[in-house]
Amino acid sequence: MSIKYVPILRWKAGEKNCLENLSPDISSQIIPFVEVSPPTVSPNDDEASTEKKLTRLFSSFNTSWENKPFYLYLSDGWYTDADSPEQISEIYDDLFKGINHPKAIPAFDITDEINISNAVALTASNGVCLRVSGNSFEALSQSLSDYIEKSWITPQNTDLLIDLKYIDEDIYPKKAVLTTAISDIPNISDYRRIIIASCSFPKDVSNLRSDVVNEFKRHEISIHKISLDLESKFGFNYVYADYGSMNLNEAAFAPYMVPNFKIKYSTADKYLVVKGLSLKKGGLELANVVAGCRLLVNHPQYSGENFSYGDKIIATTANGTNTKSGNLTNWVGYSFNHHITLIVSLM
């Protein structure tokens, strides 16, 4: 079955739960782009504790996404203590081998020459993914030409992720960036996939009303339409990608934070957000979670109980069948599970 969608997600408990509960039909049509951060290490952790956390991380890929392809991308945090190019490549190499997943695809920023030069040694059959974002657009054409000349990549076994990051209703600047990037890629039709990603989920939802379903336009639709036109013009294999209802600028959780219960929900053209109470005021008490679910279920763009695993949780919580309110991590998973199912159904 052809790949329709690349969801970009962080490798956390909610996202893992989301993937584990996708239907087989949906999971066979996606390749997640997984951003992996190092395990959190506390001052009290000894070497054995740290090693145990790494072992759990390694095994989680084969548990949550068994024998299915995914892109493995490491956050900068892994390389904080690296003192040489050799150490940088060793870090990725050790983690890739530790995960030992038969369908893992190495993924690197296109400026990461150290790891890209070593990609062929990691896996000869799965290929590689190069991510283009920010300032790296400027040297895109030259970088690709250099890597091909040095035999670091072969286009037929290479996926390019054109990552536009945040977009808004003023779509034309990003359209210009995307069009220029596509035009700059030599022999673009030779590449295995051209993945085009963007994100328009609101950066701040702290001031929303809590007694309504708040609505925001999904601007990713505009990028998708532009991408389809470019695919037709240049003849490449285009795959849609996005970040779902993720805030790319969200700060890492800290103990002093008091978050609110929220349900984030995607439709064909909108993001819906139901904002509940803060956890300090009982936001995760069952009655408050039920009230939020009922608001969403009564919205005309709710997809229905049988649409996805996430939708079933929302519906059964609203009607009282499910009596567990869950935690914030659970609700991240339910939201993303619905989102992935929706996007695949739209493609």
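Note that the coordinates shown come from a computational prediction; the quantities given were computed from them, not determined experimentally. (Residues numbered from 1 in each chain as written. Predicted model: local features only at pLDDT ≥ 70, side-chain atom pairs only at ≥ 80, totals over all residues. Heavy atoms only, no water.)

This next bit is on the packing of aromatic side chains. By the definition in use, this model includes 13 aromatic pairs. On the basis of an interplanar angle of 40 degrees and a centroid distance of 6.0 Å, the ring pair of phenylalanine 33 and tyrosine 71 is categorised as tilted. Here phenylalanine 33 is found in strand β2 (residues 33-36), whereas its partner tyrosine 71 is found in strand β3 (residues 70-74), with 38 residues between them in sequence. Take phenylalanine 33 and tyrosine 71: they sit in the same class, and that class is buried. Consider the rings of phenylalanine 33 and tyrosine 73, whose centres lie 5.5 Å apart with planes at 40 degrees: the pair is tilted. Here tyrosine 73 lies in strand β3 and phenylalanine 33 lies in strand β2, a separation of 40 residues in the sequence. In terms of burial, phenylalanine 33 and tyrosine 73 fall into one category: buried. The rings of Phe261, Tyr309, Trp331 and Tyr334 are connected pair by pair, giving a single aromatic cluster. The positively charged end of lysine 68 is found above the aromatic ring belonging to tryptophan 65, 4.7 Å away from the centroid. Cation over ring: arginine 131 sits above tyrosine 73, and NZ or CZ is 4.7 Å from the ring centre. (Phe/Tyr/Trp six-rings, centres within 6.5 Å; stacked < 30°, edge-to-face > 60°. Helix = DSSP H or I, 4+ residues; strand = E, 2+ residues; numbered from the N terminus. Buried < 20%, exposed > 50% of the residue type's maximum accessible area, 1.4 Å probe, protein only. Lys NZ or Arg CZ within 6 Å of the ring centre and 35° of its normal.)

What follows deals with the sheet that holds strand β10 (residues 260-266). Reading across the sheet, the three strands line up as β8-β11-β10 and stay open at both edges, with antiparallel pairing between neighbours. The sheet terminates laterally at β8 (214-217) and β10, the two strands that pair on one side only. With strand direction ignored, the average angle separating the axes of adjacent strands in the sheet is 25 degrees. Two strands pair when backbone bridges link them, and β8 and strand β11 (residues 270-278) are joined in this way by four bridges, in the antiparallel orientation. Residue asparagine 214 lies in a different strand from β11, and its bridge partner there is valine 273. (Pairing = 2+ DSSP bridges. Axes fitted to C-alpha atoms, helices over the stretch in contact; angles between N-to-C directions.)

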